[in-house]
Amino acid sequence: MSVPARVHVPGFPNTAAARAKLDESFDARFGHGFTPGKFDPETSMIAVVQERPDAQRLTLSSDFKGSQVDALAERVRQRGFDLVEVDLHEKNAVIAHLTPEARAIRARLASFLKVRPWEVEVCVELDPDNPRIVDLVQVLRSPETGTDAEKRLAVWRAAVLVIPGAHADWRIEEDLVSGRVVLERRDPLRLPQRVPLADLTIDFDPDLWDFIPHGQDTGARVVGQKLSVPHGLVAGETGAGKSYFLLAHAVGALSRGHDLIVVDPTKNAVDFTPLHPWCAAVAVTTLPEARAVIETVYAERVRRQKVLQAHGIGFWAKLPADVRAAEGIRPVTVIIDEAASLLEDSSANLSALDKDDPLRVEFEQDRVAKTIIRLYLGKLGREARNVGIHMVLGVQRPDTSFLPGEFRANIGQKVQLKVPGSAPMAPESLRMLFPGQFAPEASDLLGRLGDMPGSGVTMAEGGAGVAAFRVAYEDALRLPALLEARGVPRAQKWEIMQPESPTPATLADPFEGFSDDPFADFGDDPVPPRRGAESPPVPAEFSLDDLLDHPQPPPSDASAF
Ligand SMILES: Nc1ncnc2c1ncn2[C@@H]1O[C@H](COP(=O)(O)OP(=O)(O)OP(=O)(O)O)[C@@H](O)[C@H]1O
């Protein structure tokens, strides 16, 4: 049967596992000795490559020993063939005509792996337009390089560099079942060396409220967050550039007319200090302070919902401009850095301490603050977009399990930043951020990012896929000048509710007697706080104790809104 040079494989995922599977079907269709080669995603065609050209099987004498294999290889070579496989147990060997490239690469890989050439089998393809460039090397057979998948990958990452012309940006993938390793040429990712934040920042324009730019991709296209899905999440360990990402987001939001709120009691939001005059509120010292700010944000959500209801309108931007101005309704961006530490429960048990011990009092207050922040975050997750409230969370690890489900479901843009010089992240650790086939893609891109801080991958809601990008940057101390130059007004400060500080004894279980959602029975929740300098002075009264003891919202102040 004549074997085609290429076959059409629409939708082929081009993974090592898919190759191994296709190899089986090649065996069935074309007989042994053909393997899937270079895949062209544009035409969905894959090459059919002969693994062992002119292969012949030799029978070895019954007393043939391992010590004689080198001599055998030399005799085979003198006859113009290559020894490709020796089976000392079955006493046979396979010889074939390897291409010069396959012979050379096999020899280099074998030497790197410290084995003899016939213990490694490769299939090599060259660039059809430039036969001096190696396009694809498939290692069809090789000795075991370790039991740990990450370590084996590290071995192949080093091994790939012995291939002439190869570099660290080559794609490297192993199929765990067949053991086939695919080493494929890719052009290196070329991210901009630096993206000046000033280049992405516009003159103050609230009409452009629904897109916050973050940086540029490999084609210098602007990457950012569309606010059609309200919230965002950025993951990155220390040194990855997370604080500067959040600063870029803050500046983008301010120049698009958002009120800015910063919550970061873990790191005291020092990087944000220059932005304080532009912040409507900050919570940067304690968890109860963070709780009060989040409660205030939620109460603002309730107030806005009432305004919308009163006008029979479902979305804040559709309110008449005069109503928005009178009510102080602008989009709100709430930045919460180190979000996990605000939400994750602490398992410490301080019952051995006296109940008035300051340490225990603080611990109990923190615990209650976390519980309440988690509750409000869940509610804001699903109820925030129509009133214009958007949150961006910073976390160390790409793990969202600590977030309330409603919040997770409303994260539009997800970003993973890479610490310069760090080991590549395995797809498994990225699955919570990037579902399905996007996790391997994200892992792959992260592996090719190079060593510049503020580089990462992002995936926006809507299935457009993952993209590598460089975060826009400006020295934090120069941000005030940038905002001034762009005409961004300083903030009207929000009045933050101060929940009464309950005594530790009443804090033991603040939600006892409530099933899932302790606020579900209370209709429209707390009395809204006063907002901005234009608002009439109405006392903002809302505390956890009020909710628990007097389920109805106090009606007396409602008319003021
Ligand atoms: N986009 C960027 N472009 C250029 N340099 C950057 C960028 N982002 C961060 N850097 C540099 O990298 C350093 C670390 O960034 P950053 O402080 O944001 O890290 P981080 O991940 O927030 O760390 P930490 O968790 O300790 O705050 C900064 O001092 C800054 O100089």
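Preceding block: the structure.
All values reported here derive from a predicted model rather than from experimental measurement.

> Even after reading the chapter, I still don't get the pairing of strand E17 (residues 332-336), so can you show me in this structure?
It is a general feature of regular strands that their side chains alternate between the two faces of the sheet. For E17, a buried count of five out of five residues is recorded, marking the element as mostly surrounded by other parts of the structure. What you see with E17 is no split at all: Val-332, Val-334 and Ile-336 on one side and Thr-333 and Ile-335 on the other are buried throughout. The sheet contact formed by strand E15 (residues 259-263) and E17 spans five bridges and is parallel. Opposite Val-262, over in E17, you have Ile-335 as the bridge partner.

> I tried to follow the packing of aromatic side chains on my own but got confused; where do I start?
A full pass over the atoms with the stated rule returns eight aromatic pairs. Seen from their ring centres, Phe-30 and Phe-34 are 6.4 Å apart, and the 80° between their planes marks the pair as edge-to-face. Judged by its relative accessible area of 9%, Phe-30 is buried. With a centroid separation of 4.9 Å and 70° between ring planes, the pair formed by Trp-209 and Trp-316 is classed as edge-to-face. Placement of Trp-209 in the loop between helix H5 (197-200) and strand E12 (211-217) and of Trp-316 in the loop between helix H7 (287-311) and helix H8 (321-327) is noted, with a sequence separation of 107 residues between them. One aromatic cluster is present, built from ring pairs that chain together Phe-26, Phe-30 and Phe-34.

> Looking at this model, I keep getting lost on the site of the ligand. Mind explaining?
Taken together, 14 residues are adjacent to the ligand, and Thr-238, Gly-241, Ser-243, Lys-267 and Val-471 come closest. Taking Ala-240, its main chain carries an N or O atom lying 3.1 Å from an oxygen atom of the ligand. Protein chains bury 77% of the 620 Å² of accessible surface belonging to the ligand in isolation. Where the shell around the ligand is concerned, the elements lending two or more residues are helix H6 (242-255) and strand E21 (466-473). Residue classes in the shell around the ligand are distributed as five nonpolar, five polar and four charged.

> I tried to follow the sheet that holds strand E1 (residues 6-8) on my own but got confused; where do I start?
In any sheet, the strands associate via hydrogen bonds between backbone groups, in a parallel or an antiparallel arrangement. Spatially, the three strands line up as an open sheet ordered E1-E3-E2, and their pairing is antiparallel. This sheet does not close on itself; its edge strands, each paired only once, are E1 and strand E2 (34-40). Taking the axes of each pair of neighbouring strands and ignoring which way they run, one obtains an average angle of 35° across the sheet. Here three bridges tie E1 to strand E3 (residues 45-50), and the two strands are oriented antiparallel to one another. By the bridge assignment for E3, Val-7 is matched with Ile-46. Most of the contacts of helix H1 (residues 16-30) go to E2, to which it runs at about 125°, and overall it touches E1, E2 and E3.

> What's the story with the packing of helix H3 (residues 100-113) against helix H4 (residues 149-159) in this structure? I'm lost.
Between two packed helices, what matters for the description is the angle formed by their axes and the separation of those axes. Following both chains from N to C, one finds H3 and H4 inclined at 130°, their axes separated by 10 Å at the closest point. In this view, H3 runs oblique relative to H4, as classed from their interaxial angle. Considering how the two elements wind past one another, H3 and H4 form a crossing that is right-handed. Only Val-155, Trp-156, Ala-158 and Ala-159 of H4 make contact with H3, whose side of the interface consists of Leu-109, Phe-112 and Leu-113. Residues belonging to the contact of H3 with H4 are distributed by class as follows: seven nonpolar, no polar and no charged.

> Could you clarify how one ought to interpret the pairing of strand E7 (residues 121-127) in this entry?
Burial analysis of E7 places six of its seven residues in the buried class, the great majority of the element. Bridge count between E7 and strand E8 (residues 130-141): seven bridges; the pairing is antiparallel. Residue pairing in the sheet places Glu-125 in a bridge with Leu-136 of E8. Turn length for the E7-E8 hairpin, with the two strands adjacent in sequence and antiparallel, is two residues.

Cut-off values and rules
- Residues numbered from 1 in each chain as written.
- Predicted model: local features only at pLDDT ≥ 70, side-chain atom pairs only at ≥ 80, totals over all residues.
- Heavy atoms only, no water.
- Buried < 20%, exposed > 50% of the residue type's maximum accessible area, 1.4 Å probe, protein only.
- Helix = DSSP H or I, 4+ residues; strand = E, 2+ residues; numbered from the N terminus.
- Pairing = 2+ DSSP bridges.
- Phe/Tyr/Trp six-rings, centres within 6.5 Å; stacked < 30°, edge-to-face > 60°.
- Near = heavy atom within 4 Å.
- Polar contact = N/O pair within 3.5 Å; in protein donor to acceptor, adjacent residues only side chain to side chain.
- Areas by Shrake-Rupley, 256 points an atom, 1.4 Å probe, with all protein chains shown as cover.
- Nonpolar A, V, L, I, M, F, W, Y, C, P; charged D, E, K, R; others polar.
- Axes fitted to C-alpha atoms, helices over the stretch in contact; angles between N-to-C directions.
- Contact = heavy atoms within 4.5 Å.
- Parallel < 35°, antiparallel > 145°, perpendicular 65-115°, else oblique.
- Left-handed = near helix turned anticlockwise from the far one by under 90°.

These results come straight from atomic positions and should not be treated as a statement about function.
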